[in-house]
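Each chain is listed here by its residues.
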Amino acid sequence: MHMADALLSPAVAGTMWGISGAGIAYCSAKVKKDMDDRMIPLMGVMGAFIFAAQMINFTIPGTGSSGHIVGGLLLAILLGPYAAFLVIASVLVVQALFFADGGLLALGCNIFNMGFLPTFIAYPFIYKKIVGNSSNKKRITIGAVTASVVGLQLGALSVVIQTVLSGISALPFGTFLLLMLPIHFAIGIIEGIVTAGVVAFVCRVKPEIFQQNREISPFNKVVALFIFMAFITGSFVSLFASENPDGLEWAVSKVTDNKGISEGNTQVHTFFSYLQSKISLLPDYSFKHNEPSLDTDVAENGNQKSRANLATTISGVVGGIISMVFVFLIGMFLKKSKKEIKNEQNSD
């Protein structure tokens, strides 16, 4: 559900950058004040896992489209909404900067659509209302599926509204919405089932994560498990991702009679596109064509599939590591700031 730069006007994009930036600042302050420092390792590995999970597009049967796990709801359940928002925002920043997955201009929209809506709407108003503090697997499943569907529907609606307000593509609101909602309904069901499975497992092996006064060692079995899952998902499972267009690309192609999304033609679009092309290490999880090294070595063997698989595996591992380190450093920075504030208060 990554928003495309080409669908956004600079004004709408700038507004969403401001809203998402304010959300990051607010959540940083809340996490700094209330977070248990022992949650930082879990935040880091969850960042790596969500990065890897979002690489896996799964086919939506009978549509010719695909979708991927967003992960905002899962993060909110395990970490709480404030830390979850920081983690999903960090993952989206890493994707945009280093892998050109999601435009830089659209980054504010993506953080809002994929971060704010599931963590601050779907989680507290849907999942928590249904599940509460229960560890019952049936309630967790119902809550996760319902909240995921609602979160994805709100995200799809938000994409349509942002597109229409931008006025660049002239996509008809009603037709666009009628295509976006059903496809993301299906994606929401799958995400809900996956979320419920992960949460139920964590409930069984480490139930104290969901308790108010939790005791979490830096290297507990859940942290180790998510490190393992992130590595396997990013390096191996990602090789089986669907090649079908995602829900947004599919919907746009249907509305525009398979013409797809054209590139934005303003100077702002051109600047952000150029900037992203220079920053990204592995654009779209593949090797840059103008760089030799591994790309050329594999191409000389005449095996294009191996080249693509190698690029995907490297992207999954490198992206997971960058996401984990990035989130961990954010957590440590907030922890240090929290201690400095306490020291100042004690000295006064």
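Above: the structure in question.
Note that the structure is predicted; figures quoted are calculated from it, not measured.

When helices and strands are tallied, the chain shows 12 helices and two strands. If you list the helices and strands of the chain from N to C, you get α-α-β-β-α-α-α-α-α-α-α-α-α-α. Across the 348 residues that make up the chain, the buried fraction comes to 50%. Long-range pairs, those at least 24 residues apart, make up 79% of the contacts in the chain with a sequence separation of at least 6. Here the chain displays about 16100 Å² of accessible surface, and carbon together with sulfur accounts for 63% of that area.

The next subject is unusual backbone geometry. With a phi angle near 55°, Asp-284 is a residue other than glycine that sits in the positive phi range. Mapped onto the secondary structure, Asp-284 falls in the loop between α10 (267-279) and α11 (293-300). Classification of Asp-284 by relative accessible area gives exposed; the value is 57%.

Taken together, Phe-228, Phe-231, Ile-232, Phe-236, Val-237 and Phe-240 make up a surface patch of nonpolar side chains, about 610 Å² in accessible area. Take Phe-240: it is sitting in the loop between α8 (221-235) and α9 (247-255). A relative accessible area of 61% places Phe-240 in the exposed class.

Our focus in this paragraph is the nonpolar core. Ranked by internal contacts, the top residues of the largest apolar core, which has 95 residues, are Leu-42, Leu-79, Tyr-127, Phe-176 and Phe-226. It is helix α4 (residues 81-99) that contributes the most residues to this core, 13 residues altogether.

Another point: the pattern of salt bridges. All told, the structure shown has one salt bridge when counted by the stated rule. Close ionic contact of Lys-30 with Asp-34 constitutes a salt bridge, the shortest N to O distance being 3.6 Å. Of this pair, Lys-30 and Asp-34 both sit in helix α1 (residues 10-34), four residues apart, which is roughly one turn of that helix. A relative accessible area of 24% means that Lys-30 is categorised as partly exposed.

What follows is about the environment of Val-31. With respect to the helices, strands and loops of the structure, Val-31 is situated in helix α1. You can call Val-31 buried: its relative accessible area is 4%. Through-space distance from the C-alpha of Val-31 to that of Ala-83 is 6.2 Å; in sequence the pair is 52 residues apart. Not counting chain neighbours up to four residues away, the residues in contact with Val-31 comprise Tyr-82, Ala-83, Leu-86 and Leu-334.

Structurally, the position occupied by Leu-239 is in the loop between α8 and α9. Classification of Leu-239 as partly exposed rests on a relative accessible area of 26%. The residues contacting Leu-239, other than those within four sequence positions of it, are Asn-309, Thr-312 and Thr-313.

Further remarks concern the side chain of Ser-280. The topology assignment puts Ser-280 in the loop between α10 and α11. By relative accessible area, which is 2% here, Ser-280 ends up buried. Excluding residues that lie within four positions of it along the chain, Ser-280 makes contacts with Leu-97, Phe-98, Phe-99, Ala-100 and Lys-288.

Close contact between helix α2 (residues 40-54) and α4 brings their axes to 9 Å; oriented N to C, the two are set at 50°. With respect to α4, the element α2 is oriented oblique. Between α2 and α4 lies a crossing whose hand is right-handed. Within the contact between the two elements, α2 uses Met-43, Met-46, Gly-47, Ile-50, Phe-51 and Gln-54 and α4 uses Ala-83, Val-87, Ile-88, Val-91, Leu-92, Val-94, Gln-95 and Phe-99.

Their axes nearest at 9 Å, the elements helix α3 (residues 72-79) and helix α7 (residues 173-205) cross at an angle of 20°. With respect to α7, the element α3 is oriented roughly parallel. Crossing of α3 against α7: the hand is right-handed. In contact with Gly-72, Leu-73, Leu-74, Ile-77 and Leu-78 of α3, α7 contributes Glu-191, Thr-195, Val-198, Val-199 and Val-202. Looking at side-chain class alone, the contact of α3 with α7 contains seven nonpolar, two polar and one charged residues.

Before going further, it helps to examine the packing of aromatic side chains. Each aromatic ring pair is summarised here by two numbers: the centre-to-centre distance and the angle between the ring planes. For the structure on display, the rule yields 12 aromatic pairs. When the centroid spacing of 6.2 Å and the interplanar angle of 80° are considered together, the rings of Phe-51 and Tyr-285 count as edge-to-face. Of this pair, Phe-51 sits in helix α2 while Tyr-285 sits in the loop between α10 and α11, placing them 234 residues apart in sequence. For the residue pair Phe-51 and Tyr-285, the accessibility class agrees, reading buried in each case.

Rules used throughout
Residues numbered from 1 in each chain as written. Predicted model: local features only at pLDDT ≥ 70, side-chain atom pairs only at ≥ 80, totals over all residues. Heavy atoms only, no water. Helix = DSSP H or I, 4+ residues; strand = E, 2+ residues; numbered from the N terminus. Buried < 20%, exposed > 50% of the residue type's maximum accessible area, 1.4 Å probe, protein only. Contact = heavy atoms within 4.5 Å. Areas by Shrake-Rupley, 256 points an atom, 1.4 Å probe, with all protein chains shown as cover. Patch = residues over 30% accessible without salt bridge, like charges linked within 9 Å, V, L, I, M, F, W, Y side chains within 5 Å. Salt bridge = Lys/Arg side-chain N within 4 Å of Asp/Glu carboxyl O. Core = buried A, V, L, I, M, F, W, Y, C linked by side-chain atoms within 4.5 Å. Axes fitted to C-alpha atoms, helices over the stretch in contact; angles between N-to-C directions. Parallel < 35°, antiparallel > 145°, perpendicular 65-115°, else oblique. Left-handed = near helix turned anticlockwise from the far one by under 90°. Nonpolar A, V, L, I, M, F, W, Y, C, P; charged D, E, K, R; others polar. Phe/Tyr/Trp six-rings, centres within 6.5 Å; stacked < 30°, edge-to-face > 60°.

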